[in-house]
Amino acid sequence: MAESKVLEYEAFVNETLKRDLKKVLDQRDGIYGHMAEYYQLRTTLENIKGSRELKTQVDLGCNFYVQANIPDASHVFIAVGFGFYVEMTHDEALTFINKKCTQLQRQCDTLTENSAKIKARIKLVLEGLRELQSISLPEPNEQQVVW
């Protein structure tokens, strides 16, 4: 009976909790990637703010770059999601980017909390397994050097 419970709990940890933890951490990493792109865009906009004309290089694919001359760089197109782009001035774009980064940071905080809850569940189940298997951890002695 106890052995079947141990196997059931081990399967729950390995197949459910660890998979859920990986999924949450992958989502959070993806959001951090989006935030990095927005921060890079904000830096670029701050650098070109106030300039009307812009010379740059554009990647056509496979690291093949061509020079581009933008006669009026006072407006930019920002991807707002679902394949939609909105034309904005530099100030509007900077305001949008700050709000978007705040929203993404809140999502990251929520995912971090969820990952902490999943880690706590994993630890709880592992402690339960330890009790089922009657494995006791040695208590550290106060005089014992741990490093």
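All figures in this text were calculated on a predicted structure; none of them were measured in a lab.

> I'm lost on the overall build of the protein chain in this one. Help?
Helices and strands together make up the secondary structure of the protein chain, namely two helices and four strands. Per-residue burial for the protein chain yields a buried fraction of 21% across its 147 residues. Nonlocal contacts in the protein chain, meaning residues at least 24 apart in sequence, comprise 54% of its contacts between residues at least 6 apart. Total accessible area computed for the protein chain in this model is approximately 11,400 Å², and 54% of it derives from carbon and sulfur atoms.

> What am I meant to see in the pairing of strand 2 (residues 65-70) here?
Walk down a regular strand and you will see the side chains alternate between the two sheet faces. Both strand 1 (residues 54-59) and strand 2 contribute to a ladder of six bridges, which runs antiparallel. What sits directly across from D59, in strand 2, is Y65. Count of turn residues in the strand 1/strand 2 antiparallel hairpin: five residues, of which G61 carries a positive phi of about 125°.

> I keep staring at the nonpolar core and nothing clicks. Help me out?
In this structure, I31, L45, A93 and I122 are the most contacted members of the largest nonpolar core, which totals 24 residues. The set of elements that each furnish at least two residues to this core consists of helix 1 (2-48), strand 3 (75-81) and helix 2 (90-132). It is helix 2 that contributes the most residues to this core, 10 residues altogether. In contact with I31, other than residues within four places in its own chain, are L104, Q107, C108 and L111.

> Would you mind showing me how to read unusual backbone geometry here?
Both trends apply: most residues other than glycine have a negative phi, and most peptide bonds are in trans. Of note in this structure, C62 is not a glycine but carries a positive phi near 55°. Take C62: it is sitting in the loop between strand 1 and strand 2. In the Ramachandran plot, N63 falls in the positive-phi region, its phi being about 55° despite a non-glycine side chain. The topology assignment puts N63 in the loop between strand 1 and strand 2.

> Explanation requested: a nonpolar patch on the surface in the structure shown.
Side chains of V58, L60, F64 and V66 sit close together on the surface and give an oily, nonpolar patch of about 350 Å² of accessible area. Within the secondary structure, L60 sits in the loop between strand 1 and strand 2. A relative accessible area of 56% means that L60 is categorised as exposed.

> In this structure, what is going on with the packing of aromatic side chains? I would like to understand it.
In this description, a pair of aromatic rings is defined by centroid distance and the angle of the planes. Tallying each qualifying case throughout the model produces one aromatic pair. An angle of 65° between the planes, with centres 6.4 Å apart, marks the rings of Y38 and F96 as edge-to-face. Remark: F96 occurs in helix 2 and Y38 occurs in helix 1; sequence separation between them is 58 residues. Given the relative accessible area of 13%, Y38 is considered buried.

> How should I be thinking about the pattern of salt bridges in this particular structure?
Any two side chains of opposite charge can pair, given that their charged atoms come close. Under the definition given, this model contains four salt bridges. Residues E127 and R130 are paired through a salt bridge, measuring 2.6 Å at the closest nitrogen-oxygen approach. One end of the pair is E127 and the other is R130, both in helix 2 and three residues apart, which spans about a single turn. R130 gets classed as partly exposed once you look at its relative accessible area, which sits at 24%.

What counts and how
Residues numbered from 1 in each chain as written. Predicted model: local features only at pLDDT ≥ 70, side-chain atom pairs only at ≥ 80, totals over all residues. Heavy atoms only, no water. Helix = DSSP H or I, 4+ residues; strand = E, 2+ residues; numbered from the N terminus. Buried < 20%, exposed > 50% of the residue type's maximum accessible area, 1.4 Å probe, protein only. Contact = heavy atoms within 4.5 Å. Areas by Shrake-Rupley, 256 points an atom, 1.4 Å probe, with all protein chains shown as cover. Pairing = 2+ DSSP bridges. Core = buried A, V, L, I, M, F, W, Y, C linked by side-chain atoms within 4.5 Å. Patch = residues over 30% accessible without salt bridge, like charges linked within 9 Å, V, L, I, M, F, W, Y side chains within 5 Å. Salt bridge = Lys/Arg side-chain N within 4 Å of Asp/Glu carboxyl O. Phe/Tyr/Trp six-rings, centres within 6.5 Å; stacked < 30°, edge-to-face > 60°.

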